[in-house]
Amino acid sequence: MKPIFKTLAIILITITPILLKGQHTFSSKETLFTNWIKRDGQASYVWGNNTHRVGALYQTYWYEIRNFACWQWTYDEIPTEATVTSVTLKFRAYKGNYQDNFTFSLHNIPYILNSPNIDFFNESNYNQIYLSPTLTPDANHNVFINQTFTAQTPVGQGWEVWNAVNNAVKSGNYFLTLGIRERINLLLPHWTISGYDLSVPTTQPCIELTIIYELPNTSVTVDQRLSNETSVDSVGLWNKLNSSFEKYSVPHTFDWEVISNTKKTLLANQNLLSYQKYIHWENNSQIDNNVVNHKTFQIYTYTSNLTSRLNSTQPDITIKNEFLESPGLNPINDSIHFKDPWLIDFPDPLYGNALRNRGMDAPFKQRPSPFYPDYTTSYYGDVYKGVFLNQGLDWQPPYYSVKADAMQDIQLQQTGRTHKFYFQNWSASPLGSAEFQYPDSLKTPVVFKQEGATVQANLKGTQLSNNSNAYSKGSQRKFV
């Protein structure tokens, strides 16, 4: 077998792995490289010659040179979930006009190159993972190394190289350092190492490492459930190619390959279903309190289920201004503000202008008073479809919020005039039907606690005098 192996190494064989479905490639020349040199009986040290060299050197005394190369990658380039399929190393060794044969060994070094206080020369006395056959130069005195190692490579013939790289990937350290030594006979002069294709000189990163790896698939069940655990209707999966959401009846199981950037955007149903509407997504049964219904999920090997949850809403809710001097006053142009994290109202070109909710980033919407967030009333196209009762009892998001203006100019039918009204506080009718975190503030989170709750911004007004344009704040006279 050795003559055949030698012939393959000399004739610039190119081993091209067949990329099967689900296989990925990382290919790079080393990130760092250096040489270490040692005289017998003396301490080794980094050799200041910034080239790739291995072998013997004679300068009054005999020295040995060893070369070290380090590759680094990121999780995005090779995830720790990857399984290495094959490892290929490519470089050229050259020794002037000499026809000496070349034999080298590879050593797995457990440190990033240039780590302080590490004797890399000494480290390359251990952890040998490959010993090449004897390689004979071609007519131009070049030895070309292009060798692939796999899990099927026999132990002692390179399986250890595959194993070292596979372990480096799974370790999460994101680097591989290899030491290269000349073996058998170290004859003067030393060898220089350069790029396999002759275009990369010995003074630059030139040893090419190619890692072919596979990533696991994970089965993810996407579901949408009513509060009684019944699966209902469909969810949308964003398709970048079509720039649209593709609908899938639920439950639906997807077989997704897990790669570092595996993200899937799902859209929950936006309609009332059995008088219930979307409230949140669950990821592996964990509630996501960022309640946007168009959710982008990072998919991991342990992701097993993504569920859109629906819950009942209460339509019989009123939000309005209340006038302390004259309860039941009938103004013409007063308004109030409401923030609903679940309101589907925001066209976004990124999602094909589909209407969507904004979660806690939702804006306050100014509405005429009284305001009804019920199933059917449309406010410039916005339909609230009711509110969730007892949502936000611990004042942790998500919750609803109300807001009043500090002062409003409000026209009254009773007087035919415009009056200034000033915010005083919030209250609920019946008493206890709603709760406010900051009842004396213009803006406050609110919890609706029962059917028929009325949330009131209490206002106190002024009367327009008969003989001047001046307003007197705090008049106790009723506007009749």
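Criteria and cut-off values
- Residues numbered from 1 in each chain as written.
- Predicted model: local features only at pLDDT ≥ 70, side-chain atom pairs only at ≥ 80, totals over all residues.
- Heavy atoms only, no water.
- Pairing = 2+ DSSP bridges.
- Helix = DSSP H or I, 4+ residues; strand = E, 2+ residues; numbered from the N terminus.
- Axes fitted to C-alpha atoms, helices over the stretch in contact; angles between N-to-C directions.
- pLDDT = per-residue confidence, 0-100.
- Contact = heavy atoms within 4.5 Å.

Caption draft 1: Just the sheet that holds strand β15 (residues 244-249), in detail. Read across the open sheet, the four strands follow the order β15-β14-β17-β20; overall the sheet is antiparallel. Each having just a single partner strand, β15 and β20 (294-298) make up the two edges of the open sheet. Taking each pair of neighbouring strands and ignoring which way they run, the sheet shows an average axis angle of 35 degrees. With two bridges joining them, strand β14 (residues 234-239) and strand β17 (residues 263-267) adopt antiparallel strand pairing. Residue G236 lies in a different strand from β17, and its bridge partner there is L267.

Caption draft 2: Structural context of the sheet that holds strand β18 (residues 276-283). Across the sheet, five strands lie side by side as β16-β13-β21-β18-β19; this open sheet has mixed pairing. With one partner strand each, in any of the chains shown, β16 (252-257) and β19 (286-288) form the two edges of the open sheet. Averaged over neighbouring strand pairs, the angle between their axes works out to 30 degrees when direction is ignored. Here β18 runs beside β19; their pairing, made up of three bridges, is antiparallel. Bridged to E282 within β19 is I287.

Caption draft 3: Region of the structure containing the confidence of the model for the protein chain. Summarising the model, the protein chain shows a mean pLDDT of 89, and 90% of its residues fall at 70 or more. Taken together, the stretch residues 1-21 has pLDDT below 50 and engages in 24 contacts with residues farther than four places along the chain or on a different chain. Scored below 50 in pLDDT, residues 464-480 shows 41 contacts in the model against residues more than four places distant or in partner chains.

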